[in-house]
Amino acid sequence: METYAKALLYAIPFFMLLLAAEILYGYFVKNQKYKVMDTVSSISSGFTNILKDSLGLGIILVTYPYLVDNLALMEIEANWLVWLVAFIAIDFAGYWNHRLSHKINFFWNQHVIHHSSEEFNLACALRQSVSNLLGYFPFLLIPAALVGVPNEVIAILAPIHLFAQFWYHTQHIGKLGWLEYFIITPSQHRVHHAINPEYIDKNLGQILSVWDRIFGTFQEELDEVSPQYGVLKPAATWNPVLINFQHIWRLIKDAWRTNSFWDKIRIWFMPTGWRPADVKEKYPISIIEDVYQFERYKTPSSKALNGYSIFQLFATLGFLLFMFYNYSNIGFDGLLIFGAFVFIGIYGYTTLMDRTNYAVWIEVCRGLAGLALIFVTKDWFGINDYIASGSLFVIAYFVITICAGIYFTYFEKDEVNTQVAV
C-alpha cells in the first residue's frame, strides 16, 4: 500500500494538470465542457476512490498470485511475449468485468458512479467507485494464470492499463480514422457514456476495441445522434458517497418489499434495472424517457459557494498529498483517522453543495473534531516536522470550514444572491 501511495504523489498532480489543460483549452476555444459543481463532485469522487484503495479497504476473494501458483500449466519466459500476453489478458478481463457491471444489477452499483455525471470530460474519468469492496477481478485473469504469466508483470501492467483509460474522456477530440478499428477512442467512449437508446451499454472495451466488435457491443458515434450523458435514473446529488450506494439501496429496499421469495434472491443477479413486478407497480421510480429534454441536476449556487467548493477541493488534495508523502510515519491507526477526516470532509462539503440543511452539522462537527485533535496532539499527523507551524494552517482550515458551513446554510440568501452553477 505504501508503494501505491507513493505512486499517487506523481499520478494525482499529473491528472490534475491534464484537467487544467482541458479546462483552459475549452475556455480559449469558447467551448467549455466543465461546470464547477459537477467538476468538484467528479474529482472528489476520485479522491474517495484512491483513499479507499490506499488504505486497503475491502475483501479480496482471491489474489492473482494464488491463482498463478496453483493453476499455471506452463511458464512463460520473461520476454516481450509475456508482456503482450499479459496485456491482452488484462484487457480481455477488463472487457468482461465492464460488461458484467453494465448487465447485472449487483455489479452495476460499483460502476454507476462513473456514469453519473451529466457532463463528459476528463474529470468524469475520475468518478471511480468506493462501493467495490468485494474484489473478484483476479477470477477473470484465470487465462493469464493458466499460461503462467508472472504476478510481477500483472502488477506493473494493471495500473498502466487503468491510467491509459483516462485520456479518451473528452469531447474535444473527434474521430481518429484507422485507429477507430483498433483502440478505444474518445468518439467510441462518448457513445459508451451516452444514454441515447442507440448508444446505451455499447463500447465496453477498455483499450482494444476488438472485443466489442467480436462480441456484438460495438456502436459507432453517429453524426445525427448527439450523445446525451448521465444515467437513466439521475443521481440528483453532488455527493459521491451517496451516488456510490444509491443503486444498492434501491435493491435492498426492493428485495425487502417484494412478496416473492424468489424475487428477493434473483433481483441481485437480474439484468440492470430489473425490479419485481409487485414492487415496481407499488413503488415506481422515475426514469428519463426523453434524453433530449430532461432537466439536468443543478443547485442554487452563488459565486461564493462555487469558490468555496473549489477551495475545499484543493484543501482535500493537499491533505491527500501530505497523507501519501507521510504514509509510513503516520502509521495504520493514524491513517484510518486521517482517512476518516478526509472522507467525512468530502461528504460534508458536497452535501453543502447540494444545499442540504444537515450539511452544516457535518461541517461544524468535523471542524470541531479537527481542532480538538490538534489541541490534544499539538500537531496534525506530524505536519509540523515538514512545515514550520503547519498545524496552524490546518487550524485555519477547520475554522473556515465551520464558518462557511454556518454562512452558506443560514446567511446566504439563495433567492437574492444566487446564480446557476457554471
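The coordinates are above.
Cut-offs used in this document
- Residues numbered from 1 in each chain as written.
- Predicted model: local features only at pLDDT ≥ 70, side-chain atom pairs only at ≥ 80, totals over all residues.
- Heavy atoms only, no water.
- Patch = residues over 30% accessible without salt bridge, like charges linked within 9 Å, V, L, I, M, F, W, Y side chains within 5 Å.
- Areas by Shrake-Rupley, 256 points an atom, 1.4 Å probe, with all protein chains shown as cover.
- Salt bridge = Lys/Arg side-chain N within 4 Å of Asp/Glu carboxyl O.
- Helix = DSSP H or I, 4+ residues; strand = E, 2+ residues; numbered from the N terminus.
- Buried < 20%, exposed > 50% of the residue type's maximum accessible area, 1.4 Å probe, protein only.
- Polar contact = N/O pair within 3.5 Å; in protein donor to acceptor, adjacent residues only side chain to side chain.
- Contact = heavy atoms within 4.5 Å.
- Phe/Tyr/Trp six-rings, centres within 6.5 Å; stacked < 30°, edge-to-face > 60°.
- Lys NZ or Arg CZ within 6 Å of the ring centre and 35° of its normal.
- Core = buried A, V, L, I, M, F, W, Y, C linked by side-chain atoms within 4.5 Å.

Caption draft 1: Structural detail: a nonpolar patch on the surface. Residues Leu242, Tyr358, Trp361, Ile406, Tyr407, Tyr410 and Phe411 make up a contiguous nonpolar surface patch of about 740 Å² in total accessible area. The element that contributes the greatest number of residues to the nonpolar patch is helix 19 (residues 390–411), accounting for 4 residues. Tracing the backbone shows tyrosine 410 in helix 19. Overall, tyrosine 410 belongs to the partly exposed group, its relative accessible area being 49%.

Caption draft 2: Local environment of the side chain of asparagine 203. For asparagine 203, the location among the structural elements is in the loop between helix 10 (186–193) and helix 11 (210–215). Within polar-contact distance, the side chain of asparagine 203 engages the backbone nitrogen of glutamine 219 at 2.8 Å. With residues near it in sequence (within four places) discarded, asparagine 203 still touches Gln188, Val191, His192, Asp212, Thr217, Phe218 and Gln219.

Caption draft 3: A look at the pattern of salt bridges. Scanning all chains against the criterion turns up 10 salt bridges. Where arginine 190 meets glutamate 221, a salt bridge forms, and the shortest distance between an N and an O atom there is 3.0 Å. Of this pair, arginine 190 sits in helix 10 while glutamate 221 sits in the loop between helix 11 and helix 12 (240–257), and the two are 31 residues apart along the sequence. Take arginine 190 and glutamate 221: they sit in the same class, and that class is buried.

Caption draft 4: Spotlight on the packing of aromatic side chains. Enumeration according to the criterion identifies 33 aromatic pairs in this entry. Taken together, a centroid distance of 5.2 Å and an interplanar angle of 90° make the contact between tyrosine 95 and tryptophan 96 edge-to-face. Here tryptophan 96 falls in the partly exposed class, since its relative accessible area comes to 27%. Cation over ring: arginine 213 sits above phenylalanine 218, and NZ or CZ is 3.9 Å from the ring centre. When the ring centre of phenylalanine 375 is taken as origin, the NZ or CZ atom of lysine 378, which lies over that ring, is 4.7 Å away.

Caption draft 5: Local environment of the nonpolar core. Of all hydrophobic cores here, the largest spans 53 residues; its most connected members are Leu19, Phe324, Phe338 and Trp380. Of all elements in the fold, only helix 1 (2–28), helix 2 (36–54), helix 7 (122–125), helix 15 (303–325), helix 16 (327–330), helix 17 (332–353), helix 18 (359–377) and helix 19 reach the threshold of two or more residues within this core. In terms of residue count, the dominant contributor to this core is helix 15 (10 residues). Sequence-distant contacts of phenylalanine 338, defined by excluding residues within four places in its chain, comprise Phe319, Phe322, Met323, Ile330, Trp380 and Phe381. Counting 17 residues, the second-largest nonpolar core is a separate cluster that includes Val82, Ala93, Ala144 and Ala145.

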